[in-house]
Amino acid sequence: QVQLVESGGGLVQAGGSLRLSCAASGSTFNINRMGWYRQAPGKQRELVAAISSGGSTNYADSVKGRFTISRDNAKNTVYLQMNSLKPEDTAVYYCNSRRLTSWGPDDYWGQGTQVTVSS
C-alpha cells in the first residue's frame, strides 16, 4: 500500500502561481512513475505532468512552459510548480503513483487538492 497526501492548493488570480506537494509513504519501493492529474466538474481526469524513476518528465500540451514537476527522493515527495495560472486550470488536482508489474500497472491516488483560478 502507498499513501499519498497532497497539499498546496488554493485560490489564486489569473497569472499567479501555486506549488503543490505530494508526500508518499508506505510501500514506496519500486514506484516507476509519479504524476499529477486534474479533474474539473463534468470532465474526465487528465494527466497534467509525470516524472519517471529515471527522472524523465512529460507534460500535457496545455501546461507546457508553465508547469514544472520535480521530486525530492530523500523526502519521498513530488512537487508541481504552477506558474502563469489560467482559469482553465481550475480543477481538483490528484497525485498518482504507478508501479508497473508483470501483469499491469498498480496505481495509488491521493485525496486531491482544489485549485481555483479566478479571472
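Keep in mind it's a predicted model, so treat the numbers as computed, not measured.

Within the largest apolar cluster, 29 residues are counted, with the highest numbers of intra-cluster contacts made by W36, L80, M82 and Y93. Contributing elements (two or more residues each) for this core: β1 (2-7), β3 (18-26), β4 (33-39), β5 (46-52), β7 (67-72), β8 (77-82), β9 (91-101) and β11 (113-118). The greatest single-element share of this core, amounting to 4 residues, is contributed by β3. Those residues in contact with Y93 that sit more than four places away from it in its chain are E6, L20, W36, Y37, R38, V48, F67, L80, M82, G112, T113 and V115.

Attention shifts here to the side chain of D89. Considering the arrangement of structural elements, one finds D89 in the loop between β8 and β9. Ignoring any residue separated from it by four or fewer positions in sequence, one finds D89 in contact with R38, R66, F67, S84, V115 and V117.

Attention now moves to the packing of aromatic side chains. As enumerated under the stated definition, the model contains 1 aromatic pair in all. Relative to W109, the ring of Y37 lies with its centre 4.9 Å away and its plane at 65 degrees, an arrangement referred to as edge-to-face. Residue Y37 is found in strand β4, and its partner W109 is found in strand β10 (residues 104-109); the two are separated by 72 residues along the sequence. The exposure class assigned to Y37 is buried, which follows from its relative accessible area of 11%. Since its relative accessible area comes to 35%, W109 is described here as partly exposed. Seen from the ring of Y79, R19 lies directly overhead, with NZ or CZ sitting 4.1 Å from the centre.

This paragraph deals with the pairing of β3. Relative to β3, β1 is paired through 6 bridges, and the arrangement is antiparallel. If you follow S7 over to β3, its bridge partner there is S21. As judged from the 6 bridges shared by β3 and β8, these two strands associate in the antiparallel manner. Looking at β8, one finds that R19 is bridged to Q81.

This brings us to the sheet that holds β7. A sheet is described by the order of its strands in space; here 4 strands give the open sequence β1-β3-β8-β7, paired in antiparallel fashion. Looking at which strands have only one partner, the edges of the open sheet turn out to be β1 and β7. Averaged over all pairs of adjacent strands, the angle between strand axes in this sheet comes to 15 degrees, irrespective of strand direction.

The rules behind the values
- Residues numbered from 1 in each chain as written.
- Predicted model: local features only at pLDDT ≥ 70, side-chain atom pairs only at ≥ 80, totals over all residues.
- Heavy atoms only, no water.
- Core = buried A, V, L, I, M, F, W, Y, C linked by side-chain atoms within 4.5 Å.
- Buried < 20%, exposed > 50% of the residue type's maximum accessible area, 1.4 Å probe, protein only.
- Helix = DSSP H or I, 4+ residues; strand = E, 2+ residues; numbered from the N terminus.
- Contact = heavy atoms within 4.5 Å.
- Phe/Tyr/Trp six-rings, centres within 6.5 Å; stacked < 30°, edge-to-face > 60°.
- Lys NZ or Arg CZ within 6 Å of the ring centre and 35° of its normal.
- Pairing = 2+ DSSP bridges.
- Axes fitted to C-alpha atoms, helices over the stretch in contact; angles between N-to-C directions.

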